[in-house]
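The lines below spell out each chain.
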Amino acid sequence: MDKQTDASLLDDRRRALDEMYMRRCLQLARGGQWYAKPNPMVGAVIVSADGRIIGEGYHVRCGEAHAEVNAFGSVRAADERLLAEATIYVSLEPCSHWGKTPPCADLIVKKGVRRVVCGCVDPYAEVRGRGIERIRQAGIPVTVGVLERECLALNRKFIVVSNEKRPYIILKWAQTANHKIAYARSAGAVDVEPLALSSSFTKMLVHKLRAENGAILVGRETVNADHPRLNVRLWSGPSPERLVLTHNAEGVPSWFKCFDNIGAMLDYLYANHRQSLIVEGGTVTLNSFIERGLWDEIRVETASFTVPNGVDAPELPANATLLDKKFYDKNTICQYVNQCQIL
Ligand SMILES: NC(=O)C1=CN([C@@H]2O[C@H](COP(=O)(O)OP(=O)(O)OC[C@H]3O[C@@H](n4cnc5c(N)ncnc54)[C@H](OP(=O)(O)O)[C@@H]3O)[C@@H](O)[C@H]2O)C=CC1
Ligand SMILES: Nc1c(N[C@@H]2O[C@H](COP(=O)(O)O)[C@@H](O)[C@H]2O)[nH]c(=O)[nH]c1=O
Ligand SMILES: [Zn+2]
């Protein structure tokens, strides 16, 4: 075996090991999904020279310790001496700024590990490569970009908020097999029965989605037609803030906050630290987001039956890329992402 092959075999082995430990970081990071917001979810593991995980942690709650601090804190006293030869893996670049806690890059340098591996650069303007730079300047090698897509995807809401200064936008609708979202309404008709498209199981998933996102929006016609509650009743967790788009707020129930344009509504959500928004519809409202390219994810539930003469569902935008398709009894739920995004 020549030298070159030897070296590349070693590289392959190291890459595979790096990916394995980074997978554990990603798994740990998800523990922060409820309370880390609006901070990103981050996981870290510390691996001794003989490949044993001697410490691990994740960012549990906004304002409290970062993943790296918790990982170092979990190392047993008997294993402290192994740190000098250890590698720390972190799903996001270690921070370099004083936020609610001190910089993790400084802690890593102080602890004096042998190597640092991070999943992706922190897109947050105050960090964005400065954490990596600080560690390298202290003479510790840093590998960047292990499982990068997964690490970025995990925090896509945080990334959109940081880069676009607006909430992450999920367009969501349920439709019949012939792409109708509601029964047809004749002019002036009131109290047309809402079209039941979700099953009892997928309804539960809808409420889970509500609990995971900061705000939910409908158009005025949907308020008139459905009298929706839009709260979390079939799952546990906080209800999202409820919003309506309309040029005339008169008669809209008081639990809705009304806006007459999308820009002002997004600015309000950003200023109030709402990280994500579900746009429930109807079609006019969904299309006004699609026309402006203002969406990050689309979730479409399709039932197996058809109705004649209903309200047409929006057309999927050309850059919608299928990420996931799941089958639940007779219904399917497709999740699309915006191709223009980092994913
Ligand atoms: N199956 C499903 O998933 C869903 C079905 N539906 C169904 O959809 C039907 C209603 O849909 P549709 O008729 O398309 O109406 P919408 O619910 O989308 O409401 C349209 C109205 O919302 C306001 N609006 C929308 N976009 C903007 C904007 N960019 N700026 C300001 N105001 C805006 C306007 O109100 P105004 O005229 O007051 O200014 C507009 O007339 C209902 O029958 C409902 O049952 C609704 C949601 C989900
Ligand atoms: N009918 C229908 C949906 N309709 C949406 O849900 C709203 C009602 O919410 P709530 O009052 O909280 O139950 C309604 O106004 C419309 O926006 N959604 C779905 O996922 N599947 C369905 O089958
Ligand atoms: Zn940190």
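Residues numbered from 1 in each chain as written. Chains lettered and ligands numbered in written order. Predicted model: local features only at pLDDT ≥ 70, side-chain atom pairs only at ≥ 80, totals over all residues. Heavy atoms only, no water.

This next bit is on the coordination of the zinc ion (ligand 3). Binding of the zinc ion (ligand 3) to the protein goes through His66 (ND1), Cys95 (SG) and Cys104 (SG), at separations of 1.9 to 2.3 Å. Read from N- to C-terminus, the donor residues coordinating the zinc ion (ligand 3) fall into the pattern H-x28-C-x8-C. Cysteine 104 shares its class with cysteine 95; the two are buried. (Donors = N, O, S within 2.8 Å, 3.2 Å for Na, K, Ca; no water. Buried < 20%, exposed > 50% of the residue type's maximum accessible area, 1.4 Å probe, protein only.)

Moving on: the domain arrangement of the protein chain. Note: interface size is frequently given as the accessible area lost on complex formation between the parts. For the protein chain, the assigned domains read domain 1 (3-160) and domain 2 (165-341). Here the C-alpha centre of domain 2 lies 37 Å away from the C-alpha centre of domain 1. Counting from both sides, the interface comprises eight residues of domain 1 and, opposite them, 13 residues of domain 2. Surface buried jointly by domain 1 and domain 2 totals about 990 Å² across both partners, of which 53% is contributed by carbon and sulfur atoms. (Domains from an automatic or database assignment. Contact = heavy atoms within 4.5 Å. Buried area = accessible area lost by both parts, 1.4 Å probe.)

What follows concerns the environment of glutamate 148. Residue placement: glutamate 148 occurs in helix H5 (residues 148-154). Judged by its relative accessible area of 37%, glutamate 148 is partly exposed. Residues glutamate 148 and tyrosine 270, spaced 122 residues apart in sequence, show a C-alpha to C-alpha distance of 26 Å. With near-sequence residues (within four places) excluded, glutamate 148 lies in contact with Gly119 and Cys120. (Helix = DSSP H or I, 4+ residues; strand = E, 2+ residues; numbered from the N terminus.)

Moving on, we come to the site of ligand 1. Near ligand 1, the surroundings consist of 24 residues, among which Ala174, Thr222, Thr246, His247 and Thr285 are the closest. A distance of 2.8 Å is found between an oxygen atom of ligand 1 and a side-chain nitrogen or oxygen belonging to aspartate 226. Within the side chain of threonine 285, a nitrogen or oxygen atom sits 2.6 Å from an oxygen atom of ligand 1. Residue assignment for the shell around ligand 1 shows that the elements contributing at least two residues are strand S6 (168-175), strand S7 (180-182), helix H8 (220-226), strand S11 (276-281) and helix H10 (283-291). With five residues, H8 is the largest single contributor of residues to the shell around ligand 1. (Near = heavy atom within 4 Å. Polar contact = N/O pair within 3.5 Å; in protein donor to acceptor, adjacent residues only side chain to side chain.)

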